[in-house]
Amino acid sequence: MTDITSQTEAALAAIAAATSLDALEAERLETLGKKGWVSLALKTLGGMSPEERTAAAPAIQSARASIAEALDAKKAALESAALEEQLARETVDLTLPAAAAPKGSVHPVSQVMDELAEIFADLGFAVATGPEIEDDWHNFTALNMDETHPARAMHDTFYFPDKTGEGKDILLRTHTSPVQIRSMLDQGAPIRIIAPGRVYRSDSDATHTPMFHQVEGLVIDRDIHLGHLKWTLETFFKAFFEREDIVLRLRPSYFPFTEPSVEVDVGYSTEGGRRVVGGHGDAPGHAWMELGGSGMVNARVLEFAGLDPKEWQGFAFGLGIDRIAMLKYGMNDLRAFFDGDPRWLAHYGFSPFDQPTLSAGVGARA
Ligand code: PHE
């Protein structure tokens with residue numbers, strides 16, 4: 001009896017003194033483990049007479065219970081201490097300035113898309129999207145380019161193999177103009193959207209890549225005329241380039257989906273080998289640069305998109321995002337946009353913390 005009592009006291013003291021989970025486990029093995037003295041003592045009960053067992057059992061069982069309880073309590077205490085210690089060791093100081101942490105940069109194309117959305121949102125335009133894998137009808141037919149239309153050949157289209165056998169060709173969209181059709185069919189009129197995104201043409205040199213970016217603009221309402229188009233483009237470019245002396249030239253052109261159609265040129269000068277937008281293109285030291293196409297939406301296109309051309313008119317434009325990005329930020333080779341060279345991105349990229357806003361400046365570099 002006294003033996004068990006003193007052994008139990010010694011075990012409880014050792015458990016209380018254990019400073020690690022390993023030391024605690026060693027103590028468990030010595031007491032409650034298969035060969036621990038408590039387990040061995042319990043085994044001796046089997047060989048006793050009922051009277052002896054009745055006399056001996058309560059002491060052994062209470063020793064087992066108190067040791068088990070002490071082991072559990074100590075284990076919980078050691079584990080929570082270990083967790084506290086780990087939490088203290090792995091602390092992240094969220095009050096450190098975020099700019100000091102390693103970070104990536106925002107590609108100029110993404111930056112310019114954000115700038116476009118910001119400026120056009122201020123003019124009441126929503127951002128619309130459409131699929132890059134498009135069908136022939138939305139990319140061509142509904143835009144007044146039927147199968148035999150020569151303009152189709154000019155688009156250097158990437159087609160997918162015809163798996164349906166229905167002659168319903170699937171292709172990579174060659175321009176963002178199919179989003180005009182999708183928006184009109186989805187929303188009806190009136191409409192005021194821009195649709196920035198990727199487009200694809202089988203073409204490649206210093207100013208052309210097989211994938212590039214366009215932003216489509218579409219306004220449909222009553223009594224819309226060419227003056228609205230010119231004002232919108234001028235207002236946009238002044239905000240985008242952050243200067244007032246932007247001069248646009250609208251040059252008569254042809255697109256099957258607009259009538260009349262105009263190409264949009266902007267005046268620029270060359271300073272230190274860099275093209276700088278601004279001023280009249282015919283002024284000394286100046287020239288015109290083409291930025292995109294536009295015009296009044298062709299009545300046939302409105303009909304394809306389910307609108308009555310007697311009730312609704314509108315204008316549309318399509319601008320090359322990469323081109324206006326090059327002009328604004330002074331890059332001269334379009335191909336470098338898509339090389340993924342981290343040095344180019346480090347140089348021309350934008351801080352993720354430098355969100356373009358009209359109040360702080362669209363694209364102002366930190
Ligand atoms: N979709 C034309 C292109 O890619 C541009 C354009 C858009 C022209 C809208 C007129 C109106 O060349």
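Residues numbered from 1 in each chain as written. Predicted model: local features only at pLDDT ≥ 70, side-chain atom pairs only at ≥ 80, totals over all residues. Heavy atoms only, no water.

Draft legend 1. Up close: the pairing of strand S8 (residues 274–277). As paired elements, strand S7 (residues 258–271) and S8 share four bridges and run antiparallel to each other. Bridging from a neighbouring strand, glutamate 271 pairs with arginine 274 of S8. In sequence, S7 turns back onto S8 through a hairpin of two residues, with glycine 272 there showing a positive phi of about 55°. (Pairing = 2+ DSSP bridges. Helix = DSSP H or I, 4+ residues; strand = E, 2+ residues; numbered from the N terminus.)

Draft legend 2. Local environment of the environment of histidine 213. Residue position: histidine 213 is located in strand S5 (residues 211–221). Between the alpha carbons of histidine 213 and leucine 143 there is a distance of 19 Å; along the sequence they are 70 residues apart. Histidine 213 has contacts with Val109, Met113, Gly197, Arg198, Leu319, Gly320, Ile321, Asp322 and Phe338, leaving out every residue within four places of it along the chain. (Contact = heavy atoms within 4.5 Å.)

Draft legend 3. Highlighting helix H11 (residues 321–329). The buried fraction of H11 is high, at eight of nine residues. Every buried residue belonging to H11 is among Ile321, Asp322, Ile324, Ala325, Met326, Leu327, Lys328 and Tyr329, and all of these are buried. (Buried < 20%, exposed > 50% of the residue type's maximum accessible area, 1.4 Å probe, protein only.)

Draft legend 4. Layout of the packing of helix H9 (residues 226–241) against H11. Here H9 crosses H11 at 45°, and the two axes come no closer than 11 Å. On the basis of the axis angle, H9 is oblique to H11. Contacts from Phe236, Phe237, Phe240 and Phe241 in H9 reach Ile324, Leu327 and Lys328 in H11. Its residues placed into classes, the contact of H9 with H11 shows six nonpolar, no polar and one charged. (Axes fitted to C-alpha atoms, helices over the stretch in contact; angles between N-to-C directions. Parallel < 35°, antiparallel > 145°, perpendicular 65-115°, else oblique. Nonpolar A, V, L, I, M, F, W, Y, C, P; charged D, E, K, R; others polar.)

Draft legend 5. Spotlight on the domain arrangement of the protein chain. By the assigned domains, the protein chain splits into domain 1 (2–89) and domain 2 (108–348). Between the C-alpha centres of domain 1 and domain 2 there is a distance of 80 Å. (Domains from an automatic or database assignment.)

Draft legend 6. Here's a closer look at the site of the ligand. Around the ligand sit 14 residues, and of these His175, Ser177, Arg201, Gln214 and Glu216 come closest. Between the ligand and arginine 201, the relevant distance is 2.9 Å, taken from an oxygen atom to a side-chain nitrogen or oxygen of the residue. Across the complex, the protein chains shield 92% of the 320 Å² of accessible surface that the ligand would expose by itself. Going through the elements one at a time, S5, strand S9 (286–297) and strand S10 (313–320) are the ones with two or more residues in the shell around the ligand. For the shell around the ligand, the leading source of residues is S10, giving three residues. In terms of residue class, the shell around the ligand is built from four nonpolar, eight polar and two charged. (Near = heavy atom within 4 Å. Polar contact = N/O pair within 3.5 Å; in protein donor to acceptor, adjacent residues only side chain to side chain. Areas by Shrake-Rupley, 256 points an atom, 1.4 Å probe, with all protein chains shown as cover.)

Draft legend 7. Inspection of the packing of aromatic side chains at higher detail. A full pass over the atoms with the stated rule returns 13 aromatic pairs. Centroid distance phenylalanine 120 to phenylalanine 125: 5.0 Å. Interplanar angle 65°. Geometry classified as edge-to-face. Grouping residues by exposure puts phenylalanine 120 and phenylalanine 125 together as buried. Between phenylalanine 236 and phenylalanine 237, the aromatic rings sit 4.9 Å apart at their centres with planes inclined by 55°, giving tilted as the arrangement. For phenylalanine 237, a relative accessible area of 0% gives the class buried. Arginine 222 extends its terminal NZ or CZ atom over the ring of tryptophan 312, reaching a point 4.3 Å from the ring centre. Residue placement shows lysine 328 over the ring face of phenylalanine 240; its charged tip is 4.3 Å from the ring centre. (Phe/Tyr/Trp six-rings, centres within 6.5 Å; stacked < 30°, edge-to-face > 60°. Lys NZ or Arg CZ within 6 Å of the ring centre and 35° of its normal.)

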